[in-house]
Amino acid sequence: MAETTPLYETYSRAPLRFDRGEGVWLITEGGERYLDFGSGVAVTSVGHSHPHLVAALKEQADKVWHLSNVYEIPGQERLAKRLTDSSFADKVFFTNSGAEALECAIKTARRYHFAKGHPERYHIITFQGAFHGRTLATIAAGGQEKYLEGFGPKAPGFDQVPFGDLDAVRAAITDATAGILVEPIQGEGGINPATPDFMKGLRQICDEHGLLLILDEVQSGMGRTGRLFAHEIYGVTPDILAAAKGIGGGFPLGACLATAEAASGMVAGTHGSTYGGNPLAMAVGNAVLDVVLEDGFLQNVRDVGLVMRQGLASLKDRYPDIIQDVRGEGLMLGIKAAVPVGELLQAIRANKMLAMTAGDNVVRLLPPLVVTAQDAREALSRIEQAAESLRMKSARKTA
Ligand SMILES: *Cc1c(COP(=O)(O)O)cnc(C)c1O
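Chemist: Teacher, can you tell me more about the overall build of the protein chain here?
Modeler: Helices and strands together make up the secondary structure of the protein chain, namely 13 helices and 17 strands. A globule of 399 residues ought to have a C-alpha radius of gyration of about 21 Å, and the protein chain, at 21 Å, matches this closely. In terms of principal-axis extent, the alpha carbons of the protein chain reach across some 70 × 55 × 50 Å. Looking at the protein chain as a whole, 53% of its 399 residues qualify as buried. Residue pairs at least 24 apart in sequence account for 72% of intrachain contacts in the protein chain once pairs closer than 6 positions are excluded.

Chemist: Help me understand the site of the ligand in this model?
Modeler: Residues in contact with the ligand, as listed here, are Ser 97, Gly 98, Ala 99, Phe 131, His 132, Gly 133, Glu 183, Asp 216, Val 218, Gln 219 and Lys 245. One of the backbone nitrogen or oxygen atoms of Phe 131 is found 3.2 Å away from a nitrogen atom of the ligand. Here the ligand, which alone exposes 380 Å², has 81% of that area covered by the protein. Grouping the constituent residues of the shell around the ligand by class yields 3 nonpolar, 5 polar and 3 charged.

Chemist: Would you take a moment to explain the sheet that holds strand 10 (residues 212-216) for this structure?
Modeler: Within a sheet, each strand pairs with its neighbour through backbone hydrogen bonds, oriented either parallel or antiparallel. The 7 strands are arranged 4-12-11-10-7-5-6 in an open sheet whose pairing can be described as mixed. Edge positions in the sheet fall to strand 4 (91-95) and strand 6 (158-161), since each has one partner strand and no second. Direction aside, neighbouring strands of the sheet carry axes that sit 20 degrees apart on average. As paired strands, strand 5 (residues 123-127) and strand 7 (residues 177-182) are joined by 3 bridges and run parallel to one another. Bridging from a neighbouring strand, Ile 124 pairs with Gly 179 of strand 7. Along the sheet face, helix 8 (residues 196-209) touches strand 5, strand 7 and strand 10 and points at about 165 degrees away from the line of strand 7.

Chemist: Would you mind showing me how to read the environment of Leu 26 here?
Modeler: The topology assignment puts Leu 26 in strand 2 (residues 25-28). Placed 257 residues apart in sequence, Leu 26 and Ala 283 show a C-alpha to C-alpha distance of 24 Å. Beyond its immediate stretch of four places on either side in the chain, Leu 26 contacts Phe 18, Arg 20, Gly 21, Glu 32, Arg 33, Tyr 34, Asp 36, His 48 and Leu 354.

Chemist: Explain the nonpolar core here, please?
Modeler: One broad trend across soluble globular proteins is that nonpolar side chains are buried collectively. Counting 94 residues, the largest nonpolar core has Phe 127, Ile 180, Leu 202, Met 308, Leu 312, Leu 344 and Leu 365 as the members making the most contacts within it. Top element by residues in this core is helix 10 (residues 279-292). It accounts for 8 residues. Excluding anything up to four places from it in sequence, Ile 180 contacts Ile 124, Ile 125, Phe 127, Val 169, Leu 202, Ile 205, Cys 206, Leu 211, Leu 212, Leu 213 and Ile 214. Ranked by size, the runner-up nonpolar core spans 23 residues in total, among them Ala 101, Tyr 112, Ala 141 and Ala 242.

Chemist: Would you mind going over the side chain of His 123 with me for this structure?
Modeler: Residue position: His 123 is located in strand 5. Ignoring anything within four residues of it in the chain, the contact list for His 123 reads Gly 157, Asp 159, Ala 176, Thr 177, Ala 178 and Gly 179.

Chemist: Looking at this structure, how should I read the pairing of strand 13 (residues 323-329)?
Modeler: Every regular strand shows the same layout, with side chains that alternate between the two sheet faces. Relative to strand 14 (residues 332-337), strand 13 runs antiparallel, the two sharing 6 bridges. Considered in strand 14, the bridge of Arg 327 is made with Gly 334.

Chemist: I'm lost on the packing of helix 2 (residues 51-61) against helix 10 in this one. Help?
Modeler: A pair of packed helices can be characterised by two numbers: the angle between their axes and the separation between those axes. Remark: helix 2 packs on helix 10, axes separated minimally by 9 Å, with the N-to-C direction vectors making an angle of 155 degrees. Compared by their axis directions, helix 2 and helix 10 come out roughly antiparallel. Pair helix 2 / helix 10 crosses with right-handed handedness. Of the residues in helix 10, those touching helix 2 at His 52, Leu 53, Ala 56, Leu 57, Gln 60 and Ala 61 are Pro 279, Leu 280, Ala 283, Val 284, Ala 287, Val 288, Asp 290 and Val 291. Across the contact of helix 2 with helix 10, the residue classes break down as 11 nonpolar, 2 polar and 1 charged.

Chemist: When you look at the packing of helix 12 (residues 341-350) against helix 13 (residues 373-398) in this model, what are you seeing that I'm missing?
Modeler: As a packed pair, helix 12 and helix 13 sit with axes 8 Å apart at the nearest point and diverge in direction by 120 degrees. Accordingly, the angle class assigned to the pair helix 12 and helix 13 is oblique. Pair helix 12 / helix 13 crosses with right-handed handedness. Packed against helix 12, whose contacting residues are Glu 343, Leu 344, Ala 347 and Ile 348, the element helix 13 presents Ile 383, Ala 386, Ser 389 and Leu 390 at the interface. Among the residues forming the contact of helix 12 with helix 13, the class breakdown is 6 nonpolar, 1 polar and 1 charged.

Chemist: Explain the domain arrangement of the protein chain here, please?
Modeler: How big an interface is tends to be stated in terms of accessible area lost as the parts join. The domain architecture assigned to the protein chain consists of domain 1 (18-49 + 296-398) and domain 2 (64-292). If you average the C-alpha positions of domain 1 and of domain 2, the two centres end up 28 Å apart. If you look at the interface, domain 1 gives 27 residues, while domain 2 gives 25 residues. Regarding the contact of domain 1 and domain 2, the summed buried area is about 2200 Å², with carbon and sulfur atoms giving 63% of it. Put simply, domain 1 and domain 2 have 1 salt bridge between them. Across the pair Arg 364 and Glu 188 runs a salt bridge whose closest N-O atoms are separated by 3.0 Å. Inspection of the domain 1/domain 2 interface yields 12 residue pairs in polar contact (both at pLDDT 80 or more). Where the side of domain 1 that touches domain 2 is concerned, the elements lending two or more residues are helix 1 (39-42), helix 11 (297-318), strand 13, strand 14 and strand 17 (362-365). Sorting elements by how many residues they give to the side of domain 1 that touches domain 2 places helix 11 first, with 4 residues. For the side of domain 1 that touches domain 2, the per-class residue count stands at 15 nonpolar, 7 polar and 5 charged.

Parameters at a glance
- Residues numbered from 1 in each chain as written.
- Predicted model: local features only at pLDDT ≥ 70, side-chain atom pairs only at ≥ 80, totals over all residues.
- Heavy atoms only, no water.
- Helix = DSSP H or I, 4+ residues; strand = E, 2+ residues; numbered from the N terminus.
- Rg over C-alpha atoms; globule rule 2.2 N^0.38 Å.
- Buried < 20%, exposed > 50% of the residue type's maximum accessible area, 1.4 Å probe, protein only.
- Contact = heavy atoms within 4.5 Å.
- Near = heavy atom within 4 Å.
- Polar contact = N/O pair within 3.5 Å; in protein donor to acceptor, adjacent residues only side chain to side chain.
- Areas by Shrake-Rupley, 256 points an atom, 1.4 Å probe, with all protein chains shown as cover.
- Nonpolar A, V, L, I, M, F, W, Y, C, P; charged D, E, K, R; others polar.
- Pairing = 2+ DSSP bridges.
- Axes fitted to C-alpha atoms, helices over the stretch in contact; angles between N-to-C directions.
- Core = buried A, V, L, I, M, F, W, Y, C linked by side-chain atoms within 4.5 Å.
- Parallel < 35°, antiparallel > 145°, perpendicular 65-115°, else oblique.
- Left-handed = near helix turned anticlockwise from the far one by under 90°.
- Domains from an automatic or database assignment.
- Buried area = accessible area lost by both parts, 1.4 Å probe.
- Salt bridge = Lys/Arg side-chain N within 4 Å of Asp/Glu carboxyl O.

Okay, structure coming up:
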């Protein structure tokens, strides 16, 4: 990259320039092939340049790109019907991103209590280690100082407690509480799955206190864990859910799903978006769902997830000096590094494989959900080579 850039310098970027993608591979301008186990942070859920998605986008591009939401958009009705038929939800609002889906979820919960005559109930309980996006409300919900600093007063109405601590949740409830917002598996926080008891406890607390359970499944949803949504693993049903990332397979798309009851306050004029549910996004979103709902698709996520899990466990046994722990569900996996996480990521990259970092010194593996067992074995071998190279390096250092 050039020494000075006209771009905001908010990202620290790796000096890699990709020209095209094919399935689980990304190819640089120079023609080098990288095994992509980052998927642009869980976004390219069915791989790069999936022919069905490419065809759907091209076909829609020839018809109409954009329509205002003052008109009916059949693609929205079709995608919403398919999402509600496959989930707990009755109602859907389409957005362009995860943070916007969360904004809609938070507004839906607050507005629900407002419509019931309780405008004072606008507080949402959230959890340490959470990540919900970068808008002013979602950085307040996430509560991480590094994202809040310098941006003025933190938006009010978010009460944060330790992840996994039901007693702290109970203690935080007041007459002003509207709901509880949680990632069933914290993504950015370091691939930290909630325990089943914790998730069931949250549902029970919500039922006892008339609170809405809001799940952030922006990362864990749309098949990532081997179920359409991660909460299915826990046997817990939310009132409101935010989805994004994998739902558009690379086209900017998010969705807020809710039960009819939870969405009852969101009447005409209360919310809107210029681009949300745009025809191009709907064409691609429906195409993604065609693939994800195909017989055997989610089974493949579970099967290949298991291959990865077992392979990583064996690497952890052989390289305890590099890999401290392995965790996650399906194809949402975290390797807690025993070395600085940046070093492990670099070593993996040096073996022409892409992954992501997360909090708690974790390397995240989020491959396209179409990976095969053979791709998984290739990835495991590259991670092993990375671990081996780090071990050699530290041996040289101590020699
Ligand atoms: C990525 C992410 C978001 C924010 O999504 P954007 O599309 O970047 O706004 C919110 N919640 C979770 C759990 C995420 O992983």
